[in-house]
Amino acid sequence: MPSPHDPYVRVRGAREHNLKGVDVDIPRDVLTVFTGVSGSGKSSLAFGTIYAEAQRRYFESVAPYARRLIHQVGAPKVGEMTGLPPAVSLQQRRSAPTSRSSVGTVTNLSNSLRMLFSRAGDHPPGAERLDSDAFSPNTAAGACPECHGLGQVHGTTEELLVPDPSLSIREGAIAAWPGAWQGKNLRDILDTLGHDVDRPWRELPARDREWILFTDEQPVVTVHPVRDADRIQRPYQGTYMSARRYVMKTFSDTKSQTLRTKAERFLTSTPCPVCGGSRLRPEALAVTFAGRTIAELAALPLVELAACLDGTSEAARVLTDDLKSRIAPVLELGLGYLSLDRAAPTLSAGELQRLRLATQLRSGLFGVVYVLDEPSAGLHPADTEALLTVLDRLKSAGNSVFVVEHHLDVVRGADWLVEVGPRAGEHGGEVLHSGPVADLATVADSATARFLFADSPAAVRQVRTPGGNLKVGPVTRHNLRGVTAQFPLGVLTAVTGVSGSGKSTLIGEITEDLPGVGRLVCVDQKPIGRTPRSNLATYTGLFDVVRKVFAATAEARDRGYGVGRFSFNVAGGRCETCQGEGFVSVELLFLPSTYAPCPDCGGARYNPETLEVTYRKRNIAQVLDLTVESAAAFFADADTPAVTRSLKALLDVGLGYLRLGQPATELSGGEAQRIKLATELQRGRRGHTLYLLDEPTTGLHPADVEVLMCRLHGLVDAGHTVVVVEHDMTVVAGADWVIDLGPGGGDAGGRIVATGTPVEVAGAGESATARYLAGVVGRGRP
């Protein structure tokens, strides 16, 4: 048994996910980086085992009534762990923050600013001094009564609701109406009310059109449906709802993201006419500090807000000094271009994680383990240097810092390195090295060593000649002011620049309407689904083919089982106890409900009769449990070209380690993006396609980056155009053309500072990217 003063966290027998009974010793009070190829098991060790065990021990010390209030992680599969301090997780959360959440609420800076206005703001003569709640749009005391503190009001127009006025109501003129029976019901009610549903919309009287689309009345009439030949429909009482009322109700009430997205297409969003978008009551906006309202200060980039707080009165000095000290670490992490009122859903996962990291720097905690999930994600190399400084400060304060990371500069800056591998999924799950970084050079199976200690230049790839140009702009949006860019066609272009320089804003202006673009494919990092029912197989369409394969077996035909029998989303073949989820909610006395494998199907999702049908000795649940790599071998000599094509596309983007039925909720943003790319690659491509990717290497080990970039260059060689927003300088060095924005972020950016080949941009004087790109181009690495 280790002594109480043992300076190591010792893990014995870790079996979480793909870990193979791992034993590892990691020193405390140092910066430790966990690395390895994507899917190797490094997150399973750092988060799924070490952090999860620290949380489990903490919860055991908490009173039962308090445990209900805390999100709990499950007990990890591990034999023993010693020397483990309390842990703080700074993970890249995949759940999106609410629209009321902002940079100010995430960092708690809004609280400090509200306190400043309450205590030291200039109130109008005779006005009662407001407390801090009156300056928050998220409280009843502060929210504008017109927009309820949202800052926007929603409306709609006839042009949006009826895009084609040549159609009649029966032909679907009112595009905003629901489909199927509900839409027919509304049409039949209008017919019953005496409106002509067969006349072109534009020929209806203006008064009728106005009523049909915008009335708040909800008349109830007796509808006599037209009798179908095969069935009799009885009269019923139908309630009318105008198109506007339907769209507004759907947008505000529906739990379906699909319906909400559809409703949003028919809405206009404008600043609230009462508060002007500030979200606050007039009383709060009448108070100023340094000559500005709280809304005006919250709209400033943080670097400017900090400058505004200089030179204020002595009476406010304590409050302004406190606020400036809280802003400082946010600026240090390269996020000074953000404003306090910037909505949290518009932030990247990397930006959110760094904001939480900045908040932790002020917490004063010591003796804890900070576990971070790729904090360099989305960071320009210039900002990565600041990140390493911040991590070192956390360590110097007396903490252990455990970082899951691929960025080689962060790996080089570690005191201790743990590499998990050697490959992904079932071929990984072993600790290849745990020790000083330099010692990794002697580890033969390491996928990281050849990148970390590369001393021989690779061949520079020949730059392709473009086949024309695509002009975008002039763009005036966010921090871009009249920017025009030329994107060469038939080549791979990298868009670079520090965080907040305007990269995503610029490429967001590339649309299919632009000349030269036959087809536009945007591949982002948004989830492929928000529930466990969505997975890799359902998203790619692979599952449709697999279900047909099972329905075509002799056993299925004998039993009369169709394709629907093998879906876990509909009644028939699924387990009804868990409704095809594979798990059930368990209500516990004094504790929050938790999830456990379904007692009837054991997590298989199907009923016993469905599982009796096999294809090549495996049932449908066993096939869903295969990794992409194993599935490729399983279907290798089967006559299923669609399955083979889909699996090959997934292997080509480095996702061989994922299970076919792995829930969408377990996938990272980078994995979701590569699944979307694979889905596009498996389709037959006709004509010239422009592929647009936003930081496709996020979350990828350098070895996986090679695989992905080989695939993207293959698309260009096949005659297509690829544009990537990217911070990885090896990827940028291998591009044909570079468009660099900057020179800084926010108001200090927003313009193109350099364009050209990688070698040309590497010599640009004003570019923040140049010196980092020069380091790679100088070594000749592609």
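Report on the accompanying structure. Owing to the predicted nature of the structure, the values given are computational and were not obtained by experimental measurement. Residue numbering note: each chain is counted from 1, following its sequence as written. Thresholds applied to this predicted model are a pLDDT of at least 70 for local features of residues and 80 or more for the giving and counting of side-chain atom pairs; totals over whole chains, interfaces and linings are not thresholded and use all residues. Excluding hydrogens and water, the side-chain values take into account all heavy atoms of the structure.

1. Points about the overall build of the chain
Within the chain, the secondary structure is distributed over 30 helices and 23 strands. Relative to a compact globule of 782 residues, whose C-alpha radius of gyration would be 28 Å, the chain shows 29 Å and is just as compact. Along the first, second and third principal axes, the C-alpha atoms of the chain reach 85 × 85 × 70 Å. Under the scheme applied here, a residue whose accessible area is under 20% of the maximum for its type counts as buried, over 50% as exposed, and between as partly exposed, the area being computed with a 1.4 Å probe on protein chains only. Counting all 782 residues of the chain, 50% fall into the buried class. When the 82 positive and 87 negative side-chain charges of the chain are each reduced to one mean point, those points stand 3 Å apart. To qualify as a helix, a DSSP run of H or I must reach at least 4 residues; to qualify as a strand, a run of E must reach at least 2; elements of each kind are numbered from the N terminus. Two things to know: the radius of gyration comes from C-alpha atoms, and the globule rule equals 2.2 Å times the number of residues to the power 0.38. Counted as positive: Lys and Arg. Counted as negative: Asp and Glu, with His and the chain ends omitted from the count. For charged residues, the charge sits on one atom: NZ in Lys, CZ in Arg, CG in Asp, CD in Glu.

2. Here's the deal with the nonpolar core
To qualify as a nonpolar core, a set must consist of buried Ala, Val, Leu, Ile, Met, Phe, Trp, Tyr and Cys residues joined through side-chain atoms within 4.5 Å. Leu357, Val546, Phe635, Leu660 and Leu712 are the most contacted members of the largest nonpolar core, which has 141 residues in total. Looking at which element gives the most residues to this core, the answer is helix H27 (residues 702-717), with seven residues.

3. Here we look at unusual backbone geometry
Looking along the chain, the bond that leaves Gly421 and enters Pro422 is cis, with omega of 5 degrees. Inspection of the secondary structure assignment puts Pro422 in the loop between strand S12 (416-421) and strand S13 (430-435). The amide bond that connects Gly473 to the next residue, Pro474, takes the cis arrangement and shows omega of 5 degrees. For Glu695, which is not glycine, the phi dihedral falls at a positive 50 degrees. Along the chain, Glu695 turns up in the loop between strand S20 (689-694) and H27.

4. Quick word on the side chain of Ser278
Mapped onto the secondary structure, Ser278 falls in the loop between strand S9 (268-271) and helix H10 (282-285). The definition of a polar contact used here is a pair of N or O atoms within 3.5 Å, where within protein one atom must be able to donate a hydrogen and the other to accept one, and adjacent residues in sequence count solely through side-chain atom pairs. Only 2.9 Å separates the side chain of Ser278 from the backbone oxygen of Cys275, close enough to count as a polar contact. Not counting residues within four places of it along the chain, the set of residues in contact with Ser278 comprises Leu285 and Ala295. By the convention used here, residues are in contact when the closest approach between their heavy atoms is within 4.5 Å.

5. What about the pattern of salt bridges?
Between Lys or Arg on one side and Asp or Glu on the other, a salt bridge is scored when a side-chain nitrogen of the former is within 4 Å of a carboxyl oxygen of the latter. Within the structure shown, the criterion is met by 37 salt bridges. A salt bridge links Arg245 to Asp216; its shortest N-O distance comes to 3.9 Å. Separated by 29 residues along the polypeptide, Arg245 in helix H8 (residues 243-253) and Asp216 in the loop between helix H7 (206-214) and strand S7 (220-223) bring together distant segments of the chain. Exposure remark for Arg245: the relative accessible area of 30% places this residue in the partly exposed category. Between Asp652 and Arg711 there is a salt bridge whose closest N-O contact spans 3.2 Å. You can see Asp652 sitting in helix H25 (residues 641-652) and its partner Arg711 sitting in helix H27, a full 59 residues away along the chain.

6. A few points about H25
Any helix carries an expected span of 1.5 Å times its number of residues minus one. The first and last C-alpha atoms of H25 sit 16 Å apart over 12 residues, in line with the 16 Å expected at 1.5 Å per residue. The elements touched by buried residues of H25 are helix H19 (536-540), helix H20 (542-551), helix H24 (628-634) and helix H26 (669-681). The positive-phi residue at the C-terminal boundary of H25 is Gly654, with phi of around 80 degrees.

7. Some remarks on the packing of helix H4 (residues 109-120) against helix H13 (residues 317-332)
Two elements in contact, H4 and H13, have axes whose closest approach is 10 Å; the angle formed by their N-to-C orientations is 160 degrees. Between H4 and H13, the angle is such that the two are roughly antiparallel. Helix-helix and strand crossings are classified by hand; for H4 and H13 the assignment is left-handed. Facing H4, whose interface residues are Leu109, Ser112, Leu113, Met115, Leu116, Arg119 and Ala120, H13 presents Leu319, Thr320, Asp322, Leu323, Arg326, Ile327 and Val330. Polar here means any residue other than Ala, Val, Leu, Ile, Met, Phe, Trp, Tyr, Cys and Pro, which are nonpolar, and Asp, Glu, Lys and Arg, which are charged; Gly is therefore polar. Looking at the contact of H4 with H13, its residues break down into nine nonpolar, two polar and three charged. Interaxial angles span 0 to 180 degrees and are taken between N-to-C directions of axes, which are lines fitted to C-alpha atoms, for helices over the stretch in contact. Note that the term roughly parallel is reserved for angles under 35 degrees, roughly antiparallel for angles over 145, roughly perpendicular for angles of 65 to 115, and oblique for everything else. The handedness criterion is simple: a crossing whose near helix is rotated anticlockwise from the far helix by less than a right angle is left-handed, and one whose near helix is rotated clockwise is right-handed.

8. Remarks on the packing of H20 against H25
Contact geometry for H20 and H25: axes closest at 9 Å, N-to-C directions at 145 degrees. Note on packing geometry: the crossing formed by H20 with H25 is left-handed. From H20, Leu542, Val545 and Val546 reach across to H25, where they touch Ala642, Val643, Ser646 and Leu647. Considered class by class, the residues forming the contact of H20 with H25 number six nonpolar, one polar and no charged.

9. Digging into the sheet that holds strand S3 (residues 31-35)
Overall, mixed pairing links the six strands, which are arranged S5-S10-S11-S3-S12-S13 in an open sheet. Bordering the open sheet on either side are strand S5 (87-90) and S13, each of which pairs with just one other strand. Each strand of the sheet is rotated relative to its neighbour by a mean of 15 degrees, with strand direction disregarded. Relative to S13, S12 runs antiparallel, the two sharing five bridges. Within the sheet, the bridge partner assigned to Leu417 lies in S13 and is Gly435. In the packing of helix H1 (residues 42-60) onto the sheet, contacts are made with S3, S5, strand S10 (369-373), strand S11 (400-404), S12 and S13, and the angle to S5 comes to roughly 135 degrees. Where helix H15 (residues 381-396) meets the sheet, it contacts S3, S10 and S11, and its direction lies at approximately 145 degrees from that of S11. At least two bridges found by DSSP between two strands are what make those strands a pair.

10. Considerations on helix H30 (residues 770-777)
Looking at H30, one finds that the buried residues are Ala770, Tyr772, Leu773 and Val776. The buried residues of H30 occupy one face: seen down the axis, they fall within an arc of 165 degrees. Looking at the buried side of H30, the elements it contacts are H15, helix H28 (729-733) and helix H29 (758-762). Comment: arc refers to directions from the helix axis out to C-beta atoms.

11. Brief notes about the sheet that holds strand S2 (residues 22-27)
What links the strands of a sheet is backbone hydrogen bonding, and the strands pair in either a parallel or an antiparallel sense. Pairing is antiparallel across the open sheet formed by three strands, whose spatial order is S2-S1-S4. Every other strand in the sheet has two partners, leaving S2 and strand S4 (80-82) as the edge strands with one partner each. Strand after strand, the sheet turns through a mean of 5 degrees between neighbouring axes, direction not considered. Bridge count between strand S1 (residues 8-14) and S2: five bridges; the pairing is antiparallel. Bridge pairing in S2 places Arg10 opposite Asp25.

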